[in-house]
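Survey of secondary and tertiary structure
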Amino acid sequence: MTHSACASDLISAIEQAATPASLVAAVQALAEARLEAGIPTLISALGYNNPEAAVIAVQGLVELGEAAVQPLIERLDDYNYGARAYSFRALAAIADPQALDVLINAAETDFAPSVRRAATKGIGQLHWSQLPDEQRQAAQERALQSLLALAQHPDWDIRYAAVVGLQALASSGEATEVELAARILAQFNHIAQTDADLAVRARAEMAQQQLNALSNQLAAIG
C-alpha cells in the first residue's frame, strides 16, 4: 500500500468513526503512522470535543515536528478556544521559532486563559539555534520583553506561566547571553518578593534557585 493510500484509509476511519472510542482509536492509528498527509486531519481532531483524541493528535503533530508548524499556524481555530489551546500546546512542544509571532500574539491578546497559558509557556522554550545568528538575539529579546510584560498580567495563572516561560528562556542551551540570564534572575527576585499570589512567588523562587544552581554547575565545568 502506498503512503497516499494508507493516509486516505486512516483519514477515512476518522471521518467515519461512530463512537468516541472508535474516534480515539482512529486518531491513534493516524498519529502513529506519522504521515505528513495526515497533518490537516490531526489538526481537525483537536476540535472534535474529545479530549483523549485531541491529546493523541497533539502528540502526533509534535512527532511530525517542523512539517506541522505552518499548517498549525494557518489552521488556528478562531471559534473554538479548546482547539486553539491544543494547537498552541503542539506549537510549544515542537518549539520551532517560526511560531514566535503567533505565540506572542496569542499570549498577549487571546481571550481564553487556556490559550494564553499554553502560548506563554511556549514563548520561552523555542529552539533558538534554528535561527540565523543575526536574527537570534533580536528574537530572544522579543520573547523576553513579551514574557516580562506577561509577568505583570492581572491573572495569576498567566503570571505563573510567564515565570515558566522565563525560566525556559534563561536555561535553554542556546540562550547563553549573560545579560539575558541576569535580567531574568532579577525579575524572579522581584516576583518572589512582590507578587500577590503565593503560588507565583513560590514558582519564581524555585526558578531562581534552579537557575543559580545551573549557573554554578556551568561555572564549575568552565
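This text gives an overview of the structure that appears in the document. (Residues numbered from 1 in each chain as written. Predicted model: local features only at pLDDT ≥ 70, side-chain atom pairs only at ≥ 80, totals over all residues. Heavy atoms only, no water.)

Description of the overall build of the protein chain
Applied cut-off: By the criteria applied, helices consist of DSSP H or I runs no shorter than four residues and strands consist of E runs no shorter than two, each listed in order from the N terminus. Burial status follows relative accessibility: with a 1.4 Å probe on protein chains alone, a residue under 20% of its type maximum counts as buried, one over 50% as exposed, and anything between as partly exposed. Any two residues whose heavy atoms approach within 4.5 Å are treated as being in contact. All accessibility values rest on the Shrake-Rupley procedure with a 1.4 Å probe; residue burial counts only the protein chains present in the view. Under the counting rule used here, the positive set is Lys and Arg, the negative set is Asp and Glu, and His together with the chain ends is not counted. Taken as the charge centre is NZ of Lys, CZ of Arg, CG of Asp or CD of Glu, depending on the residue.
Across its full length, the protein chain holds 12 helices and zero strands. Along its sequence from the N terminus, the protein chain presents helices and strands in the succession α-α-α-α-α-α-α-α-α-α-α-α. Looking at the protein chain as a whole, 47% of its 222 residues qualify as buried. In the protein chain, once contacts between residues fewer than 6 apart in sequence are set aside, the share between residues at least 24 apart is 63%. Taken as a whole, the protein chain presents about 11,000 Å² of accessible surface, with 51% of it coming from carbon and sulfur. Each charge class in the protein chain was averaged separately, 13 positive and 25 negative side chains, and the resulting centres sit 7 Å apart.

Topic: the nonpolar core
Under the convention used in this document: Throughout, nonpolar core names a set of buried Ala, Val, Leu, Ile, Met, Phe, Trp, Tyr and Cys residues whose side chains join them through atoms within 4.5 Å.
If you look at the biggest cluster of nonpolar residues, it comprises 72 residues, and the most contacted ones within it are Val-27, Leu-46, Leu-61, Leu-72, Phe-88, Ile-123 and Ile-184. Beyond its immediate stretch of four places on either side in the chain, Leu-61 contacts Ile-39, Leu-42, Ile-43, Leu-46, Ala-68, Leu-72, Ala-90 and Ile-94.

Considerations on unusual backbone geometry
Of note in this structure, Asn-49 is not a glycine but carries a positive phi near 60 degrees. At Ala-95, a residue that is not glycine, the phi angle is positive and equals roughly 65 degrees. Along the chain, Ala-95 turns up in the loop between helix H6 (81-94) and helix H7 (100-109).

Here's the deal with the pattern of salt bridges
Our working definition: Here, a salt bridge means any side-chain nitrogen of Lys or Arg that lies within 4 Å of a carboxyl oxygen of Asp or Glu.
Tallying each qualifying case throughout the model produces eight salt bridges. Among the ionic pairs, Arg-84 bridges to Asp-110, the shortest N-O distance being 2.9 Å. With Arg-84 in helix H6 and Asp-110 in the loop between H7 and helix H8 (113-124), the pair connects residues that are 26 residues apart, well separated along the chain. We note that Arg-84, like Asp-110, is buried. Residues Arg-142 and Asp-101 are paired through a salt bridge, measuring 2.5 Å at the closest nitrogen-oxygen approach. Here Arg-142, found in helix H9 (residues 133-150), pairs with Asp-101, found in helix H7; they are 41 residues apart in sequence, far enough to count as distant.

Description of the side chain of Arg-159
Among the secondary structure elements, Arg-159 is positioned in helix H10 (residues 156-171). Not counting residues within four places of it along the chain, the set of residues in contact with Arg-159 comprises Leu-150, Ala-151, Gln-152, His-153, Pro-154, Asp-195, Ala-196, Asp-197 and Val-200.

Points about helix H2 (residues 20-33)
Let me state the cut-off plainly: How far a helix is expected to stretch is found by multiplying one less than its residue total by 1.5 Å.
With 14 residues, H2 should reach 20 Å at 1.5 Å per residue; the first-to-last C-alpha distance of 20 Å fits that figure. Once H2 ends, the next one or two residues include Arg-34, with phi positive near 55 degrees.

Some words on the packing of aromatic side chains
Operational definition: A pair of Phe, Tyr and Trp rings is counted when the ring centres sit within 6.5 Å of each other, with Trp represented by its six-membered ring. The angle between the planes then sorts it: under 30 degrees is stacked, over 60 is edge-to-face, the rest tilted.
Inspection of every chain in the model, using the stated rule, returns two aromatic pairs. Ring geometry for Tyr-81 and Phe-111: centres 6.1 Å apart, planes at 75 degrees, overall edge-to-face. In this pair, Tyr-81 sits in helix H6 while Phe-111 sits in the loop between H7 and H8, placing the two residues 30 residues apart along the sequence. Their ring planes at 85 degrees and their centres at 6.1 Å tell us that Trp-156 and Tyr-160 sit as a pair that is edge-to-face.

A few points about H7
When H7 is considered as a whole, its buried residues turn out to be Leu-100, Val-102, Leu-103, Ile-104, Ala-106 and Ala-107. Looking at the packing, one finds that the buried side of H7 touches helix H5 (69-74), H6, H8 and H9.

Notes on the packing of H9 against H10
The condition is simple: In this analysis an axis means a line fitted to C-alpha atoms, helices contributing only their contacting stretch, and an angle means the value between N-to-C directions, from 0 to 180 degrees. Here the word oblique covers every angle except those under 35 degrees (roughly parallel), over 145 (roughly antiparallel) and from 65 to 115 (roughly perpendicular). In this scheme, a crossing is called left-handed if the near helix is turned counterclockwise away from the far one by less than a right angle; it is called right-handed if the turn is clockwise. Each residue gets one label: Ala, Val, Leu, Ile, Met, Phe, Trp, Tyr, Cys and Pro are nonpolar, Asp, Glu, Lys and Arg are charged, and the others, such as Gly, are polar.
Look at H9 against H10: their axes get within 8 Å of each other, and the N-to-C directions meet at 150 degrees. Here H9 lies roughly antiparallel to H10, going by the angle between them. Where H9 crosses over H10, the handedness of that crossing is left-handed. In this structure, H9 contributes Gln-140, Ala-143, Leu-144, Leu-147, Leu-148 and Leu-150 to the contact, and H10 contributes Ile-158, Arg-159, Ala-162, Gly-165, Leu-166 and Leu-169. For the contact of H9 with H10, a count of residues per class yields nine nonpolar, two polar and one charged.

A look at the environment of Ala-199
Among the structural elements, Ala-199 can be located in helix H12 (residues 198-221). The spatial distance from the C-alpha of Ala-199 to the C-alpha of Ala-57 is 31 Å, given a sequence separation of 142 residues. Excluding residues within four positions of it along the chain, Ala-199 makes contact with Trp-156 and Tyr-160.

Structural notes on the side chain of Arg-203
Locating Arg-203 in the fold gives a position in helix H12. Salt bridges are absent for the buried Arg-203, whose nearest opposite-charge side chain, Glu-205, sits at 11 Å. If sequence neighbours within four positions are ignored, Arg-203 has contacts with Tyr-160, Val-163, Val-164 and Gln-167.

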